[in-house]
Protein chains: 2
Amino acid sequence: MHRIELKSLLADRAVGTPSGRVVRALSERGALSATQIAHITGLAKSTVSMTLSELRKSGIVVEGPSLERGASVGRPATVLTLNPQAGTCVGVLIGLGQARVIVADVSHAIIADTVTELDPDFSPEQAAEETRRMIKQTYAEHSMPLCGLLGVGVAVAGPVNPIDGRMQRASVVPTWAGIDIRTVFGPVLQRPILVDNESNCAALAEMMWGAAIGYEDFVLFKIDMGVGGAIVSGGRVLTGIAGSAGEFGHMTVDPDGPLCRCGNRGCLELYASFKTPLQHASKRFDRPMTMDDVIVLAKEGDVGCRRLIEDTATAAGRGLGMIGTILNPGLIVIGGRMALAGDLLMTPLAASFEKHTLVKRSDVSGPARTELTIGKFTENDSCMGAVGLVLRHHGRLA
Amino acid sequence: MHRIELKSLLADRAVGTPSGRVVRALSERGALSATQIAHITGLAKSTVSMTLSELRKSGIVVEGPSLERGASVGRPATVLTLNPQAGTCVGVLIGLGQARVIVADVSHAIIADTVTELDPDFSPEQAAEETRRMIKQTYAEHSMPLCGLLGVGVAVAGPVNPIDGRMQRASVVPTWAGIDIRTVFGPVLQRPILVDNESNCAALAEMMWGAAIGYEDFVLFKIDMGVGGAIVSGGRVLTGIAGSAGEFGHMTVDPDGPLCRCGNRGCLELYASFKTPLQHASKRFDRPMTMDDVIVLAKEGDVGCRRLIEDTATAAGRGLGMIGTILNPGLIVIGGRMALAGDLLMTPLAASFEKHTLVKRSDVSGPARTELTIGKFTENDSCMGAVGLVLRHHGRLA
DNA sequence: GCTAATAAGTTCACCCTAGAACAAATAAGG
DNA sequence: CCTTATTTGTTCTAGGGTGAACTTATTAGC
């Protein structure tokens, strides 16, 4: 029997076949037992068994590290993953003046994580070229074959249409507006390119490996130097018709408020991000302060810094309250570096959310309540999510 | 061969079988050709052909009225529907001081539409009893067998959890809070009960028969004496963890604004509903005015009435702008009786939406734009949607 | 009015999936 | 230490869905 190629099993035409479905499930989830695969794919366990024995014979599926004993009776499950040598994926984050590249294999093992500084106003072509360089170097350093690279996921700051890869206005670098990421990166990287918004990628990371595992419906709310987020419905990250779904930072809070970089007035981002508080802190301490500085000082008991965090939380909670009213999600994950403040942020945030949202905690019983939790990822969420784009959406790969 | 029962094909256990999938598709869509069924169910057309010939033999599926010639080449499709005599469904709207009952058969033909006034503060038990009476009477008048009734869909004003049927606070009649609709109506009607919010039902109606046919993702925004709405994502009406998703009327517009009946301050409903304008109009004309009166006068050129509509539209547009920013839907359907104002409403509404939303029309090309349109249903939308609940969700029927 | 093009619907043999029965591997309990 | 309960994973056959080829029904064009 001639060798089965992983790529062909990830192609669109194999969507319906058992092999395709099993491989897809493993690619999306990482490590699974045969029973779990049967449950997820909806195939009978007999079919899964036969399919797996073939996939194991051809080396596409391997036995993974046996999971910690789950304290349950019955025969322990053998954990399976895709063969790490069968393929690799790259996640790229194109952010404010920096590019980040994470390399992982199809068994969900992270192989490398690199960050490079870029010119403040770099062009898309520069970004693509730099990405190519970083990928090439990383693969060389780990003596991995570049031909194993299945696809590249790109997370960009600002709205982007994942279908056509086109950037919207209001992106990090205004000159990127209208640029088609796929057209720019595709020819340079010579691989299928999957693009999505930074926050949407972060949500994907939380869903695949973070605080939202097992949730089909949740909201990610990101508080950092800006405010953003993502909406996950039915296990699907909502992109919106133009790719701008989840842009919580640009909800109008005060139509007569100050101008925002997006062109509207009084956006939530102007009140609930940590940009303005940082300016106040820098003035007060007479030196440039970072978000981490303020959080550390607040945890040490500095009342001024505590108040800055509280005020931000209160403003964010108002926006979050509206999101709760509109979407009534089962889970809200707080992301962004602001989440590092922990309870200092979450306590006033939860209070403000409760005040402004429609259904109060006391109105409903436990399972119908909206949970608020801190995300697992705060720093590399978007880039991990970009990896997830490839692992989840390779159906769209050529 | 013994007769196949429609009910058993609609049961959960038949979800996977071809017969079940074909019947389900027909029940959801009404009339379809064999090719369309194959496309929707994902089955091979050969399978559909064989399944249909069996279903036709057993009388569950019948040839429907041949659709108007579609001006396309090729053999014309034979249109199929479920046998109207195989089953009927009832949609009930429990609204402000009135109950409405619509009876339809499984071929999507409407058989009857009845409205009854109720006491302003009727109890759930009264509503259930009245519903039973109306259903019984209607079936008698049309000499239809009550045993053919497959299920009853109930649309209620105010948040309700469709899973457990429990009403939330902030419902029409405050005393209904915490009531389990399914438990109250179930024993009285002796049929499977499906419950959802009024607005969610309206969205279902627009999706199945109205302005949102073919859309998997859209938003319904309802402007009437209150403001409400629904979010449809991936063909699924979002209910939220507690059933309050889509409650656009209670987004906080001004945290220091007047108290709302929901207990919060400055809700959108206080500015964007037609309740306050109606009070102004009544004072101005010194007689009780209805929404229709104001719309008629506005269309005749009365500048005061025009302004009332414009101001409402402007306020609504601000809320809608936020919805556009957060969800970036491909389509927004404007429902509620306010939509009867037509362009008098839509022009300022679209302008206000455009002003407050993130992605402007000029930012993106046609297919990525958010369309704004008036709903097909304005009056009986919710009750029709309640019928749709039964036609779509009978998988959940016992 | 004939042919070509297009699309809908049907037939049938073959492969493949599902279900049941069985085998294997562990925890709990006396 | 053996039995029971529980869960995982494999084997095998029957039945059923699929795809290819074919038939039927219509429009468009010459």
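Residues numbered from 1 in each chain as written. Chains lettered and ligands numbered in written order. Predicted model: local features only at pLDDT ≥ 70, side-chain atom pairs only at ≥ 80, totals over all residues. Heavy atoms only, no water.

Asker: Can you walk me through the pairing of strand β3 (residues 79–82) of chain B in this structure?
Answerer: Each regular strand carries side chains that alternate between the two faces of the sheet. Residues and elements named next belong to chain B. Side-chain alternation along β3 places Val79 and Thr81 on one buried face and Leu80 and Leu82 on a second face that is also buried. As judged from the two bridges shared by strand β1 (residues 32–33) and β3, these two strands associate in the antiparallel manner. Bridged to serine 33 within β3 is valine 79. In the sheet, strand β2 (residues 61–63) pairs with β3 via three bridges, with the strands oriented antiparallel. The residue of β3 that forms the bridge with glutamate 63 is leucine 80. (Buried < 20%, exposed > 50% of the residue type's maximum accessible area, 1.4 Å probe, protein only. Helix = DSSP H or I, 4+ residues; strand = E, 2+ residues; numbered from the N terminus. Pairing = 2+ DSSP bridges.)

Asker: Is there a simple way to explain unusual backbone geometry in this structure?
Answerer: Leaving glycine aside, a negative phi is the common case for residues, and trans is the common case for peptide bonds. Residue and element names in this part refer to chain A. Even without being a glycine, glutamine 190 presents a positive backbone phi close to 55°. For glutamine 190, the position within the fold is in the loop between α6 (181–189) and β8 (193–197). A positive phi angle is found at asparagine 328, which is not glycine, with a value near 45°. Locating asparagine 328 in the fold gives a position in the loop between α11 (303–327) and β12 (331–335). We classify asparagine 328 as buried; its relative accessible area is 3%.

Asker: Help me understand the sheet that holds β2(B), please; the structure alone is not making it clear to me.
Answerer: Either a parallel or an antiparallel arrangement is found when strands of a sheet pair, and the pairing is made through backbone hydrogen bonds. Residue and element names in this part refer to chain B. Here we have three strands laid out as an open sheet, ordered β1-β3-β2, and antiparallel in their pairing. This sheet does not close on itself; its edge strands, each paired only once, are β1 and β2. Along the sheet, helix α2 (residues 18–29) makes contact with β1, β2 and β3, crossing β3 at roughly 95°. (Contact = heavy atoms within 4.5 Å. Axes fitted to C-alpha atoms, helices over the stretch in contact; angles between N-to-C directions.)

Asker: How do you make sense of the packing of helix α3 (residues 34–41) of chain A against helix α4 (residues 45–57) of chain A when you look at a structure like this?
Answerer: Working note: a packed helix pair is described by the angle between its axes plus the distance between those axes. All names here are of chain A. α4 packs onto α3 with a crossing angle of 120° between their chain directions and a minimal axis gap of 9 Å. In terms of orientation, α3 lies oblique with respect to α4. Between α3 and α4 the crossing geometry is right-handed. On α4, the residues touching Ala34, Ile37, Ala38 and Thr41 of α3 are Lys45, Val48 and Leu52. (Parallel < 35°, antiparallel > 145°, perpendicular 65-115°, else oblique. Left-handed = near helix turned anticlockwise from the far one by under 90°.)

Asker: What should I look at first to understand the protein's contact with DNA strand D in this one?
Answerer: As a structural note, the neighbourhood of DNA strand D is formed by 23 residues, with A:Ser49, A:Thr78, B:Pro18, B:Ser46 and B:Thr47 the closest of them. Take A:Ser49: an N or O atom from its side chain is 2.7 Å from a phosphate oxygen of DNA strand D. Looking at the surface near DNA strand D, the elements that each hand over two or more residues are α3 and α4 of chain A together with α4 (45–57) of chain B. Counting residues per element, the surface near DNA strand D draws most heavily on α4(A), at four residues. Looking at the surface near DNA strand D residue by residue, the class counts come to eight nonpolar, 10 polar and five charged. (Near = heavy atom within 4 Å. Polar contact = N/O pair within 3.5 Å; in protein donor to acceptor, adjacent residues only side chain to side chain. Nonpolar A, V, L, I, M, F, W, Y, C, P; charged D, E, K, R; others polar.)

Asker: How do you make sense of the sheet that holds strand β5 (residues 98–105) of chain A when you look at a structure like this?
Answerer: Residue and element names in this part refer to chain A. Pairing is mixed in the open sheet, where five strands are placed in the order β6-β5-β4-β7-β8. In the strand order of this sheet, the two ends are held by β6 (110–117) and β8, each with one partner. Neighbouring strand axes in the sheet, compared pairwise and without regard to direction, differ in orientation by 15° on average. Bridge count for strand β7 (residues 149–156) against β8 is five bridges, and the pairing is parallel. Residue pairing for β8: valine 154 is matched across the bridge by valine 195. Helix-sheet contacts for helix α7 (residues 198–209) involve β4 (88–95), β7 and β8, and the interaxial angle to β8 is about 100°.

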